[in-house]
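Chain residues, written in single-letter form:
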Number of protein chains: 2
Amino acid sequence: MDQELEALKKALVSSDYNTQEEKDFFAEKIQVKKVSKGEVILREGQYVKASYHLYKGCIREYYLKDGEERTVGFYTAGDNLTGDGERADTQPSSVSWECMVDSIVSVFSFEVEREMFRKFPRLESMCRTEVEKQYSNFRTDMQHFRGASPGERYEDLMKAKPELFQFVPLYHIASYLGVKPESLSRIRNRMRKVDSFK
Amino acid sequence: MDQELEALKKALVSSDYNTQEEKDFFAEKIQVKKVSKGEVILREGQYVKASYHLYKGCIREYYLKDGEERTVGFYTAGDNLTGDGERADTQPSSVSWECMVDSIVSVFSFEVEREMFRKFPRLESMCRTEVEKQYSNFRTDMQHFRGASPGERYEDLMKAKPELFQFVPLYHIASYLGVKPESLSRIRNRMRKVDSFK
C-alpha cells in the first residue's frame, strides 16, 4: 500500500471512541483505495454493496433523464456516500457516482457492517444517531435548496464546497442548480460585477 | 378516550413483531391524539420533542422565506413526521407543521424513545434500518423531484397522494411544486384536456 493510503488508514482506526478490539476489526475490514478521475464507482441500476467515505477528491452524483445526465449531488472530502443502508442490497441504485478528479475513498461493505453490528452491538446505536443526523441535514439542505433562486443556490454551493469549482465542468454545476449553462454564465457575470464594487 | 382513538391505540400495540413486554411499554408510553384543522403542532424555531405518526388526516410542512410561506412537504395517513431524531433536541426546527384537516397522530417523545432503547436494545436495530429506509426513500424522491418539470411533479403528487387535493388549497400545492398559482391552473387545465381525449 502506498504511504498516503497507509497514513489515512492509520488515522481511520485511531479514534478515541473505539476500543482496541473495534479498531483491529476496522483495520482488517475497511478498504482504503484510490479511484481515478473519470471512474464510475457506482452505476445507476447496479446494486450498492458498500458505503463509502470520501477522504480526498470529488464525486458527482447523477442519473439519466430522457437520455441526459441530471446532476443531483457533489461529494467532497469528508462526505459519506451512503444512506441507503441494507435496503440498497435489494434495490438497484437510482444514481451513478463518477469521480471528477483522482480521489481516495474508504469502502465499508454492508456485509462487514452486519458483522460489525453482531460483534459490537453498541456501534449500532452510534450508527443510528449518525444516519438520523445525515438525514436531518439532507432534509434541511433540500428545503433550503427548493426555496432558493438559482443565484442563491450558486452562492450556497460556492460557500459550502468552494473546491468544487476546480474539479467540475460548469455544465455539471448548471445541471445541479437546475439551470441552463448560459444562465449560469449570466449568474457568474453578475456576481463578478457585484464583487468588483465591494 | 373516545372509541376511534382507543381502536387505533389497540392496533398500534398488536404487532406480531413485538414481545408482550414491549407492547405494554408502548401502550403505556405512546400518546394517540386528535389535532384540529388549522392547528400548528410544530413551529419553525421551536425544538421538536417527539416523533409523530399520522394515522388520519393531512399535515403541511412549510417555512418562511422573505415573509412568505414555502410549502415543502405534505404528510398523509401512514406517514411519519420525524427524521431529526436526537439532533432535534438540540437544534430549532427549520419547518412548521400545520394540520390541513382534523387529524389523528401518535406522539412518541424522544425521552420515551431513549428509555425504549435502554430497555429493549434490539429495537434500536429496527429503528436504524427504518431510518435508513426513510432517508433512502426521501433521497430518491428528491432526485426525481429535482429532475421533473412542474407538470410531472403535479402528476407524481396526484398519484402518490390523491387524497391531498380534498384537503389542501391549491396555492399551497403550487408553492410545493415551485410554481405560481396561475401556472398550476394552466397545468390542471392542460391535463383535463388530455384526459378528455383519452
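Only a predicted model underlies this, so the values are computations on that prediction, with no experimental measurement involved.

**Re the overall build of chain A**
Here is step 1 of the chain: Broken down by element type, chain A carries eight helices and eight strands.
Here is step 2 of the chain: By principal-axis analysis of the C-alpha atoms, chain A measures approximately 55 × 35 × 30 Å.
Here is step 3 of the chain: The buried share of chain A, reckoned over its 198 residues, is 47%.
Here is step 4 of the chain: Long-range pairs, those at least 24 residues apart, make up 71% of the contacts in chain A between residues at least 6 apart in sequence.
Here is step 5 of the chain: In the form shown here, chain A has an accessible surface area of approximately 10,600 Å², with 50% of it arising from carbon and sulfur atoms.

**Observations regarding unusual backbone geometry**
Here is step 1 of the chain: Positive phi outside glycine occurs at A:Asp66, with the angle close to 50°.
Here is step 2 of the chain: When its relative accessible area of 73% is taken as the criterion, A:Asp66 is described as exposed.

**Quick notes on the sheet that holds strand β1 (residues 31-35) of chain A**
Residues and elements named next belong to chain A.
Here is step 1 of the chain: The four strands lie next to each other as β1-β8-β3-β6, forming an open sheet whose pairing is antiparallel. Among the strands making up the open sheet, the edge pair consists of β1 and β6 (80-81).
Here is step 2 of the chain: Alignment of strand β3 (residues 50-56) against β6, held across two bridges, turns out to be antiparallel. Opposite His53, over in β6, you have Asn80 as the bridge partner.
Here is step 3 of the chain: Taken strand by strand, helix α1 (residues 3-12) contacts β1, β3 and β8 (103-109), and its axis lies near 140° from that of β1.

**Re helix α7 (residues 170-177) of chain B**
Here is step 1 of the chain: Most of α7(B) sits inside the fold, with six of its eight residues counted as buried.
Here is step 2 of the chain: In the segment just after α7(B), B:Gly178 is the residue with positive phi, at about 80°.

**Focus on the environment of B:Lys9**
Residues and elements named next belong to chain B.
Here is step 1 of the chain: Relative to the assigned elements, Lys9 resides in helix α1 (residues 3-12).
Here is step 2 of the chain: The exposure class assigned to Lys9 is buried, which follows from its relative accessible area of 15%.
Here is step 3 of the chain: The spacing of Lys9 and Val32 is 23 residues in sequence and 6.7 Å in space, taken between C-alpha atoms.

**As for helix α5 (residues 150-160) of chain B**
Structural remark: α-helix, 3.6 residues per turn; residues separated by three or four positions point the same way.
Residue and element names in this part refer to chain B.
Here is step 1 of the chain: Of the residues making up α5, those classed as buried are Gly151, Arg153, Tyr154 and Leu157. The buried residues of α5 all sit within an arc of 160° when viewed along its axis, so they share a single face. Exposed residues pointing more than 90 degrees away from the buried face of α5 are listed as Lys159 and Ala160.

**What about the packing of α5(B) against α7(B)?**
Residue and element names in this part refer to chain B.
Here is step 1 of the chain: Closest axis-to-axis distance for the α5/α7 pair is 10 Å, and the angle between their directions is 120°. With respect to α7, the element α5 is oriented oblique. Crossing angle aside, the handedness with which α5 passes α7 is right-handed. Of α7, the residues touching α5 (which contributes Pro150, Arg153, Tyr154 and Leu157) are Ile173, Tyr176 and Leu177.
Here is step 2 of the chain: Along the lines of polarity and charge, the residues of the contact of α5 with α7 split into six nonpolar, no polar and one charged.

What counts, and at which threshold
Residues numbered from 1 in each chain as written. Chains lettered and ligands numbered in written order. Predicted model: local features only at pLDDT ≥ 70, side-chain atom pairs only at ≥ 80, totals over all residues. Heavy atoms only, no water. Helix = DSSP H or I, 4+ residues; strand = E, 2+ residues; numbered from the N terminus. Buried < 20%, exposed > 50% of the residue type's maximum accessible area, 1.4 Å probe, protein only. Contact = heavy atoms within 4.5 Å. Areas by Shrake-Rupley, 256 points an atom, 1.4 Å probe, with all protein chains shown as cover. Pairing = 2+ DSSP bridges. Axes fitted to C-alpha atoms, helices over the stretch in contact; angles between N-to-C directions. Arc of directions from axis to C-beta. Parallel < 35°, antiparallel > 145°, perpendicular 65-115°, else oblique. Left-handed = near helix turned anticlockwise from the far one by under 90°. Nonpolar A, V, L, I, M, F, W, Y, C, P; charged D, E, K, R; others polar.

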